[in-house]
Amino acid sequence: MSDFPFLSVLTVAPLVGAVVVAFLPRSRPTLAKQVALGWSLLVLALSVVMWVTFQVDGDRFQFRESYPWIPNWGVNFTFAADGIALVMLMLIAVLVPLVILASWHDAESSKRSVPVYFALLLVLECTMIGVFAAADVFLFYVFFEVMLVPMYFLIGSYGGHQRQYAAVKFFLYSLVGGLFMLAAVIGLWVVGGKTFDWVALSQVDISTGVERWLFLGFFIAFAIKAPFFPFHTWLPDAGGAAPAGAAALLVGVLDKVGTFGILRYCLPLFPDAAQWFAPWALGLAVVGIIYAALLAVGQNDLKRLVSYTSIAHFGFIGVGIFAFTTQAGTGAVLYMLNHGLATGLLFLVVGMLVVRRGSALVSDFGGAGKLVPVLAGVFFFAGLASLALPGTAPFVSEFLVLIGTFTVNKPVAVIATLGIILAAAYVLWMVQRTTQGTLNPALTEIDGMKRDLNLREKVVVAPLIALILVLGFYPKPVTDVINPAIQATMEDVGRTDPAPSAGTVQEASR
Amino acid sequence: MTELELPPIDYAAIAPILIMLGAAVVGVLVEAFVPRRLRHPVQLPLALLAVLAALTMVVVNADKRVITIGVIAVDGPTLFLQGSILALSAVALLLLGERAVERGGAFVAQAAVTADSPEDRRQAESAGGAGEVYPLTTFAIAGMLIFVSANDLLTMFIALEVFSLPLYLLCALARRRRLLSQEAAMKYFLLGAYASAFFLFGLALIYGFTAGLGDRASGVDFATVNAAVANSTASPVLLFAGMALVAIGLLFKAAAAPFHVWTPDVYQGAPTPLTGFMAACTKVAAFGALLRVFHVAFEGARWDFTPVLGAVAVLTMVVGALFAVTQTDIKRLLAYSSIANAGYLLVGVLAPGSEGLSGTMFYLVAYGFTVLAAFAVVTLVRDADGEATHLSRWAGLGRRSPVYASVFTFILLAFAGIPLTSGFMSKVAVFAPALDGGQVWLVIAGVLTSMVLAFPYLRVVVLMWLSEPGDSTPTVAVPGAFTSAALVIGVLATLALGVVPAPLLDLASSAADFVR
């Protein structure tokens, strides 16, 4: 079974689905939705089989496939997945069907073609899977850039207020980062002996100066994508303007490409430069945690608020990556998964609130819990998961990042911990102002606010809630997959964990 | 008196040129003797057949590596570039021959009638189009074929004139906006004449420089110039001045800054199908000549010309990108985009070795097809007054005609260098050898200007898709079969070269060797 070309099939399948959906007649939107949903469930089923087939104690890279593409430049369609990529692929496969189901009526309000909306979602899934499955730097770059196009149209054509501005800003920011990376990719090709193969390139010795420049080229692209402070200003606009489903994918998965890229490309390919730049990267990450959290406290727009919380969370992931310990690294990858689940849920629930109220402004709500108690409860749960309450999955990852960082860099860990307090502030205050307190009289006159979660919406939120709880209590299946990949990455960087002072901490995390 | 000895002529090697010249002469005869209503139906197939026949001869010649009559080099780059010019010309001819979009076609019969006079208005409104367009274009194509194969500067100069003169005239034949068209032709002619003069003066200086070879006769064929660069005892001032002046003549045709000022005006004023022809084919010809002159004749002076041409390349990229941002007319925007692309092509010209050569040739083909498709769309977006080229008129086009807006979006993404389009592959094809050759600063400039250039392209996409259509949004004309064919070929080539570039890259790298 392990000979089955999982990764290429997973990449191509959504694209085929997208073509099918795009050519469905515009007059039959329901059929398009059903086909899209069915197709994404098929991808999910295949991913589950792949997850089961993955051997935890096997090679670092599994499911390797390689087909020639442009032999003149040494470019191949090479796919391979390590534990980190596998976790991200699972996250995509889980989120996309839920997003499709959650966006059931989103496209109808925009006067644009409904089948095209769902086709774009599937194209986006194809490019997201490709970017995590690629083991050829050129192929990775191709997916990295092409990913912009479907997201651009999702925001620009189906988004809300200021969608044009947000879409263009998103595209230009990402393109600027991508072009820096293009120069670095070609530079890497030149110094690496004219190959784009990841494994071959990770063996190459690069002179110090060149290595730092190449690291910077990649890092800027990933820092814009992630986004890290100070490259973050596009995210609140894009997240605020995108339709809720697309925003969930944007923040839940697309931005993880940045942190994934740092782990997969910046660290193993340029280990010395990574160490040299680590203090700077840590600094940016810590500033991002505090600064974005403070801005989130002050937001009045729910979607922008959630976007800012994500920037703070990406700060945590950045800290976890650049602490260079196995615990922190595992925590960072786990954080990428958990943040995808928790923030994905939060965005989807916010979308449900916004659709009902017809406004994303916090001040337009107030006491909504009295009208839609179940929705308010899910909203509260998503908020708690987002602030990493013990018992929810994000707690495990945040805790791992912090203890992993504390063993090597106490000041950073201490400052980052402040971010948890701020997280409590922005989440609880947001919940209090929207669903708790006295009922805003204006709400009672809106028909939408009288409908609580319907079956479709319950089906959307239930799996995410279940996953957040299960991984909150029993993260072992995921950490087992991540750990070997992180250990290999840390070996690439040449950092070994400090000897544990009590021994028990290290054991406990296993 | 000694008998004049004729040099041996390899007729097969120059067959493509002979076919095009012959077809042009026949075209002139057709104009003279065939009844008016039959001319268009005869001329277009004639020109297309000639192009296909010439293309066949290029393929037949594929393995030829000769210099015939001492002045025509038929080698890998020549054949590749001739094939490119012919393939692109075939597509351009389809656009030139379209008569379904506008009554009488995009060209008027008489260029010299005073603009806006009653007679001029009458011919613009009702008179049939000029059949001379076809022989003129065929002459231009023949000139370009000679231009890329010329192995001495004098032949190159003659070829330059052969392909330029018809273009000057064709520019003045636009059916709409006659004044702009005449202005464009006048500007192109005057500035082109200056450029030719520069070229000729440079040629003379180079001739003087080769006199310093001593035992060898002086001349302007590239082997002699190459030898002179290495061994001449003449003052190097002659070489540098000559090289600079020759380069100016060629860079003018290539639309490189600071010799680009004609480009936006001419691109805007010329009939749009012709603009597409110039943007695609003239670019191939100009860069083909630049490649040969700098890789064969002046190879020995590489260290001397690289910094200067590098500065020109950077300036070209910067000027093209920055001015593209401020444009409000789609044809002028595409003109500045073509200037910026000339900058990227120069990066490829300056990359040493055969990889730079093959990358540049790949870029030329890829860009040619994309730009032809772009101008094909421009010919279709029109209202009662002809083409609606002002950008504000394109607002909401995606709602009115989603198919053409999608096609144009794809073309713009290709210009912006998004992967899975030929635009991305061609950027890699020139940047990789440049970086390999150590020209980091050129690549950095290329990357930075690409960022700037993405903005104007994206603005058009935003206009088409994300703006609401207004009352003034024109409809897209139903294209005739020819325009449709040209559009389909251009778009498919852009996609194919972006997804499976390997065959053409293989061909280009196997052709990347000059015969010396």
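Refer to the structure presented above.
Criteria and thresholds
Residues numbered from 1 in each chain as written. Chains lettered and ligands numbered in written order. Predicted model: local features only at pLDDT ≥ 70, side-chain atom pairs only at ≥ 80, totals over all residues. Heavy atoms only, no water. Contact = heavy atoms within 4.5 Å. Buried area = accessible area lost by both parts, 1.4 Å probe. Salt bridge = Lys/Arg side-chain N within 4 Å of Asp/Glu carboxyl O. Helix = DSSP H or I, 4+ residues; strand = E, 2+ residues; numbered from the N terminus. Nonpolar A, V, L, I, M, F, W, Y, C, P; charged D, E, K, R; others polar. Axes fitted to C-alpha atoms, helices over the stretch in contact; angles between N-to-C directions. Parallel < 35°, antiparallel > 145°, perpendicular 65-115°, else oblique. Left-handed = near helix turned anticlockwise from the far one by under 90°. Pairing = 2+ DSSP bridges. Buried < 20%, exposed > 50% of the residue type's maximum accessible area, 1.4 Å probe, protein only.

Considering the interface of chain B and chain A
If you look at the interface, chain B gives 36 residues, while chain A gives 34 residues. Roughly 3,100 Å² is buried in total at the junction of chain B and chain A, and carbon and sulfur atoms are behind 78% of that figure. On the chain B side of the contact with chain A, M451(B), L458(B) and L466(B) bury the most area, a combined 20% of that side's loss. The interface formed by chain B and chain A contains two salt bridges. Put simply, K194(A) and D436(B) hold a salt bridge, and the shortest N to O gap is 2.4 Å. Those elements that place two or more of their residues in the side of chain B that touches chain A are α16 (402–416), α17 (422–436), α18 (440–466), α19 (481–499) and α20 (502–511) of chain B. It is α18(B) that provides the largest number of residues to the side of chain B that touches chain A, a total of 11 residues. A class-by-class count of the residues in the side of chain B that touches chain A yields 26 nonpolar, five polar and five charged.

Topic: the packing of helix α17 (residues 393–406) of chain A against helix α18 (residues 410–434) of chain A
Residue and element names in this part refer to chain A. Remark: α17 packs on α18, axes separated minimally by 8 Å, with the N-to-C direction vectors making an angle of 155°. On the basis of the axis angle, α17 is roughly antiparallel to α18. Of the two elements, α17 crosses α18, and the hand of that crossing is left-handed. Seen from α17, the contacting residues are E398, L402, T405 and F406; seen from α18, they are K410, V412, A413, V414, A416, T417 and I420. The residue makeup of the contact of α17 with α18, split by class, is seven nonpolar, two polar and two charged.

Considerations on the sheet that holds strand β5 (residues 475–476) of chain B
Residues and elements named next belong to chain B. Here we have three strands laid out as an open sheet, ordered β4-β3-β5, and antiparallel in their pairing. In the strand order of this sheet, the two ends are held by β4 (386–387) and β5, each with one partner. Strand direction decides the pairing type here: strand β3 (residues 381–383) and β4, joined by two bridges, are antiparallel. Bridging from a neighbouring strand, R382 pairs with E387 of β4.

Regarding the environment of D436(B)
Assignment of secondary structure puts D436(B) in helix α17. Accessibility expressed as a relative area gives 29% for D436(B), which makes it partly exposed. Leave out the neighbours within four places in its chain, and D436(B) touches V190(A), K194(A) and E355(B).

Overview of the pairing of strand β2 (residues 75–81) of chain A
Residues and elements named next belong to chain A. Most of β2 sits out of view: five of its seven residues are buried. Bridge count for strand β1 (residues 62–70) against β2 is six bridges, and the pairing is antiparallel. Paired with Y67 across the strands is F77, a residue of β2. In sequence, β1 turns back onto β2 through a hairpin of four residues, with G74 there showing a positive phi of about 70°.

By themselves, these figures tell us nothing about what the structure is for.
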